[in-house]
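Now for the letters of each chain:
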Amino acid sequence: MAEPQELRERMVERQIRRRGIESLSVLTAFRTVPREAFVPESLREFAYEDGPLPIGAGQTISQPYIVALMIDAAEIPPGGRVLEVGAGSGYAAAVMSRIAGEVFAIERHEALARSAAERIDTLGYDNVSIICADGSLGLPDEAPFDAILVAAGGDKVPEPLKRQLKLGARLVVPVGGEDMQSLLCVTRTGEHRWDEQNLGGVRFVPLIGAHGRYEDGSRAASNHQPARAKSLPEMISDAAEPLPGIDDEAFAAAFDRFADRKIVLLGEASHGTHEFYAARAAITRRFVEKHGFTIVAAEADWPDAAVLDRHIRHQHPRTGAPRPFQRFPTWMWRNSVIAGLMHDLHALNRGRAPDEMAGFYGLDIYNMSGSIEAVLAYLDAHDPEAAQVARERYGCLTPWQAEPATYGRSALTKGYAECEQQVIAECRDLLQRALHEDGGMFAAAMNARLVASAERYYRIMYYGGAESWNLRDSHMAETLEHLLEHRGPNAKALVWAHNSHIGDAEATEMGSVRGEHNIGQLVRARWGEQVALVGFGTHTGTVTAATDWDGDHETKRVVPSRGDSYERVCHDSGVPRFLLDLTPGRHDALRRRLGDPRLERFIGVIYRPETERWSHYSEAVLPRQFDAYVWFDETRALQPLTPTEPHEGVPDTFPFGE
Ligand code: SAM
């Protein structure tokens with residue numbers, strides 16, 4: 001794991017500066033305060049994550065960006081006097097103490113106030129005073145202040161705080177419901193005048209006190225009851241279109257609204273949920289049968305998917321081809337739903353002309369050795385001289401084929417890319433030929449592209465960060481583009497990939513914080529309204545996943561969704577299975593309400609319920625991420641197939657050898 005100093009730099013750069021906070025004094029303050037000293041010991045590894053963390057007594061240390069946004073908006077003058085209400089861990093007070101002359105931070109929880117004071121003392125921030133009191137009353141004895149920050153939300157701006165501002169000073173405070181508030185910046189412009197600016201939606205713990213709420217969440221300072229607006233779950237329930245069972249024809253028919261799009265991307269919130277696979281299979285069957293879709297492109301390795309593709313297109317298995325999907329996580333494509341879908345696509349293709357048959361293609365880049373093998377096999381059969389050249393070029397990668405990740409390590413230590421030129425040359429040659437030749441040449445060229453991408457991928461993987469992710473998703477989007485070109489101007493494609501690949505990355509932390517893009521974003525940018533991005537989600541149930549990379553698959557219980565997630569508002573709608581159409585113009589009031597960022601759960605092939613918040617949730621804006629969202633309140637684990645070996649002398653039963 002990286003050193004705290006490095007993580008801190010990264011946090012400041014990615015979470016704060018890239019989101020538009022440019023004040024040098026604010027950025028420098030964040031660079032100096034050790035956030036890991038303000039979180040519980042057990043959560044230290046998550047100290048620099050982009051979210052709030054629990055600090056005990058049901059309270060939280062706020063997300064770094066929100067702390068920065070507030071401090072930036074408060075425009076604390078150097079050397080000024082600042083009041084914070086809701087000291088919590090003391091972190092924000094410590095950051096402000098690097099800018100201000102004196103910081104007074106009030107915390108109502110005695111235990112939190114005591115440990116915050118101890119921490120501040122140990123770290124030697126001697127211009128910070130932590131006071132245990134009701135901060136909604138302010139601190140009249142020390143007023144007026146140059147800035148006041150409130151880190152807890154009430155239903156209105158506490159009057160005493162407004163009056164404790166100096167003229168021209170700012171009060172930054174969340175105001176609104178318990179669920180969600182608006183971050184207000186109130187500037188005192190006269191003895192009895194204040195200007196108000198809304199900085200956007202936020203979620204804070206309640207401000208409990210004389211000018212905040214009561215402990216039970218009701219308002220303290222007023223007994224006026226506002227008219228009851230509809231809750232978000234009620235709005236979802238109104239807009240949701242309930243879906244029948246997946247086997248019912250009406251299930252897939254509900255998606256016909258997207259049948260005229262060129263590309264329909266179908267997501268999943270985990271790589272091991274039966275319903276996500278079964279639903280996509282039902283939609284795929286219908287779209288292939290009735291709506292002219294001929295490309296089914298998946299987050300699967302190209303050479304492995306090619307084995308299934310030959311089967312559904314009534315071609316003989318390629319002799320000597322390795323068994324498909326032997327690499328972890330095997331269950332992603334070796335499972336009962338995919339077996340059924342391949343069977344059905346095979347049947348649907350019967351009697352169709354070859355160029356009208358649906359094909360199954362892999363967009364992913366992990367099976368480099370499978371692709372090398374396929375390129376050589378093709379050239380051996382069609383152009384032995386070219387095969388010889390390719391063999392020499394790929395020879396460079398031979399020592400690394402079994403463990404390609406070690407190639408990256410070696411390239412890193414040597415400081416140069418040993419095999420890059422050769423694999424690119426091969427890729428260029430085959431792509432050139434694919435333009436002029438038919439038949440298997442296209443597949444060989446796609447394999448050669450994969451080898452070139454994979455060589456680069458394994459090399460840059462060692463630098464971590466966005467670059468390797470972006471390379472992989474760019475490769476997948478480009479492969480899709482090649483497929484569409486190859487299948488002709490009217491070709492239409494279905495894409496199966498995780499929500500993290502198909503939901504527009506610009507609407508998630510991936511894009512906004514980590515600088516990552518994905519297939520959804522790239523195809524939207526390229527094809528605009530001809531694309532539909534369909535996300536999937538669930539509240540609880542079971543999932544097939546491993547505990548560690550390369551581990552065995554297990555059936556794991558999915559923890560019920562968090563109170564501050566999109567999943568929870570869908571669960572609270574009370575509709576067990578639904579389609580939510582998020583296309584602009586359909587449910588705009590709901591889209592606006594859903595448009596304040598919330599947490600969303602992402603389970604891949606690994607599931608770690610123990611650290612679920614930090615391992616699996618991140619922030620997103622659902623109505624910008626997807627054009628539609630499919631909900632299954634309770635789901636069950638995907639059923640993997642067992643990888644049985646073929647018996648001696650008996651041909652491998654195609655395509656899975658079951
Ligand atoms: N700024 C803090 C940090 O950096 O760790 C995070 C604060 S946490 C989101 C909000 C805190 O406000 C909680 O610790 C809560 O106990 C406190 N709080 C709520 N109402 C309060 C009040 N009336 N007076 C003082 N503190 C209050």
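Remember, predicted model here, so these are calculated numbers, not experimental data.

Attention shifts here to the sheet that holds strand β7 (residues 165-176). Pairing within the open sheet is mixed, and its 7 strands lie in the order β5-β4-β3-β6-β7-β8-β9. Edge positions in the sheet fall to β5 (128-132) and β9 (193-202), since each of these pairs with one other strand and no more. Recorded for the sheet is a direction-independent mean angle of 15° between the axes of neighbouring strands. Judged from the 4 bridges that link them, strand β6 (residues 145-150) and β7 form a sheet pairing that is parallel. Its bridge partner lying in β7, Ile148 is registered against Leu171. On top of the sheet, helix α5 (residues 110-123) reaches β4 (102-107) and β5; it is set at about 165° to β5, its chief contact.

This paragraph deals with the site of the ligand. Close contacts around the ligand come from 27 residues, with Glu84, Ser89, Glu107, Gly135 and Ile208 the closest. Contacts to the ligand include Gly86, whose backbone N or O atom sits 3.3 Å from a nitrogen atom. About the coverage of the ligand: the protein hides 99% of its 600 Å² of free accessible area. Secondary structure elements with two or more residues in the shell around the ligand: β2 (59-61), β3 (81-85), α4 (91-97) and β4. When residues of the shell around the ligand are assigned to their parent elements, the largest contribution, 3 residues, is made by β2. Classifying every residue of the shell around the ligand by side-chain character gives 14 nonpolar, 9 polar and 4 charged.

Moving on, we come to the confidence of the model for the protein. Of all residues in the protein, 93% attain a pLDDT of 70 or more, and the chain-wide mean is 89. Note on residues 221-227: pLDDT is under 50 here. Beyond four places in sequence and across chains, it has 5 contacts.

This next bit is on the environment of Ala152. Relative to the helices and strands, Ala152 resides in the loop between β6 and α6 (159-163). Of the residues examined, Ala152 reaches a relative accessible area of 8% and is grouped as buried. For Ala152 and Arg203, which are 51 residues apart along the polypeptide, the C-alpha to C-alpha distance reads 8.8 Å. Beyond its immediate sequence surroundings of up to four residues, Ala152 is in contact with Val85, Pro174, Phe204, Val205, Pro206 and Leu207.

Turning our eyes to something else, we now look at the nonpolar core. Soluble globular proteins: nonpolar side chains tend toward being buried together. Membership of the largest hydrophobic core comes to 77 residues, with the highest contact counts inside it found for Ile263, Leu265, Leu397 and Leu480. With 13 residues, the single largest contributor to this core is helix α16 (residues 441-460). With residues up to four places along the chain from it excluded, the contact list for Ile263 reads Leu480, Leu484, Ala493, Val495, Val523, Trp527, Gln530, Val531 and Ala532. Ranked by size, the runner-up nonpolar core spans 54 residues in total, among them Leu27, Leu43, Leu69 and Ile71.

Next up on the list: empty space enclosed by the protein. All told, the structure shown has 1 cavity of 30 Å³ or more when counted by the stated rule. When its volume is computed, the largest cavity comes out at roughly 30 Å³. Forming the walls of the largest cavity are Ala269, Ser270, Phe276, Thr538, Glu567, Arg601 and Ile603.

Glancing now at the domain arrangement of the protein. In terms of domains, the protein is made up of domain 1 (4-202) and domain 2 (235-364 + 486-604 + 624-635). The gap between the C-alpha centroids of domain 1 and domain 2 is 41 Å. With 8 residues of domain 1 in contact, the opposing surface of domain 2 contributes 8 residues. Interface area, domain 1 with domain 2, both sides summed: about 680 Å², of which 43% is carbon and sulfur. If you sort the residues of domain 1 by the area they bury against domain 2, Arg14, Asp50 and Met180 come out on top, with a joint share of 49%. Put simply, domain 1 and domain 2 have 0 salt bridges between them. Joining domain 1 to domain 2, the criterion identifies 0 residue pairs in polar contact (both at pLDDT 80 or more). Along the lines of polarity and charge, the residues of the side of domain 1 that touches domain 2 split into 1 nonpolar, 2 polar and 5 charged.

Scanning the entire structure with this criterion turns up 1 disulfide. A sulfur-sulfur distance of 2.0 Å marks the disulfide that ties Cys396 to Cys419. On the sign convention where negative is left-handed, the bridge of Cys396 and Cys419, at about -80° about the S-S bond, is left-handed. Pair noted here: Cys396 is in the loop between α13 (384-395) and α14 (404-414) and Cys419 is in the loop between α14 and α15 (420-436), with a separation of 23 residues, a long-range link.

In terms of residue burial, strand β20 (residues 628-635) counts as a mostly covered element, since 7 of its 8 residues are buried. With 7 bridges joining them, strand β15 (residues 531-545) and β20 adopt parallel strand pairing. Residue pairing across strands places Phe536 opposite Val630, the latter belonging to β20.

The omega angle of the peptide bond from Ala143 to Pro144 is 0°, so this bond is cis rather than trans. By the secondary structure assignment, Pro144 is in the loop between β5 and β6. Here Ala57, not a glycine, exhibits a phi torsion of approximately 55°, which is positive. Turning to its location among the elements, Ala57 is positioned in the loop between β1 (53-56) and β2. Overall, the relative accessible area of 48% leaves Ala57 in the partly exposed class. Phi at His314 takes a positive value of approximately 60°, unusual for a residue other than glycine. Mapped onto the elements, His314 comes out in the loop between α10 (302-312) and α11 (336-349).

This part covers the side chain of His271. Position of His271 relative to the elements: it lies in the loop between β11 (263-266) and α9 (274-290). Side-chain polar atoms of His271 contact the side chain of Glu268, separated by 2.5 Å.

Our next topic: the pattern of salt bridges. Inspection of every chain in the model, using the stated rule, returns 42 salt bridges. A salt bridge links Asp383 to Arg433, with the nearest nitrogen and oxygen atoms 2.9 Å apart. One end of the pair, Asp383, is in the loop between α12 (368-382) and α13; the other, Arg433, is in helix α15, with 50 residues separating them in the sequence. Measuring nitrogen to oxygen at the nearest pair gives 3.3 Å for the salt bridge that ties Asp588 to Arg591. Here Arg591 and Asp588 lie together in helix α22 (residues 588-594), a separation of 3 residues that amounts to about one turn. Take Asp588: its relative accessible area is 33%, and that puts it in the partly exposed class.

How each quantity is defined
Residues numbered from 1 in each chain as written. Predicted model: local features only at pLDDT ≥ 70, side-chain atom pairs only at ≥ 80, totals over all residues. Heavy atoms only, no water. Pairing = 2+ DSSP bridges. Helix = DSSP H or I, 4+ residues; strand = E, 2+ residues; numbered from the N terminus. Axes fitted to C-alpha atoms, helices over the stretch in contact; angles between N-to-C directions. Contact = heavy atoms within 4.5 Å. Near = heavy atom within 4 Å. Polar contact = N/O pair within 3.5 Å; in protein donor to acceptor, adjacent residues only side chain to side chain. Areas by Shrake-Rupley, 256 points an atom, 1.4 Å probe, with all protein chains shown as cover. Nonpolar A, V, L, I, M, F, W, Y, C, P; charged D, E, K, R; others polar. pLDDT = per-residue confidence, 0-100. Buried < 20%, exposed > 50% of the residue type's maximum accessible area, 1.4 Å probe, protein only. Core = buried A, V, L, I, M, F, W, Y, C linked by side-chain atoms within 4.5 Å. 1 Å grid on protein atoms, 1.4 Å probe; cavity = no way out; pocket = protein on both sides within 12 Å on 5 of 7 lines; lining within 4 Å. Points joined across faces, edges and corners; volume = space filled by probe spheres on them. Domains from an automatic or database assignment. Buried area = accessible area lost by both parts, 1.4 Å probe. Salt bridge = Lys/Arg side-chain N within 4 Å of Asp/Glu carboxyl O. Disulfide = S-S within 2.5 Å.

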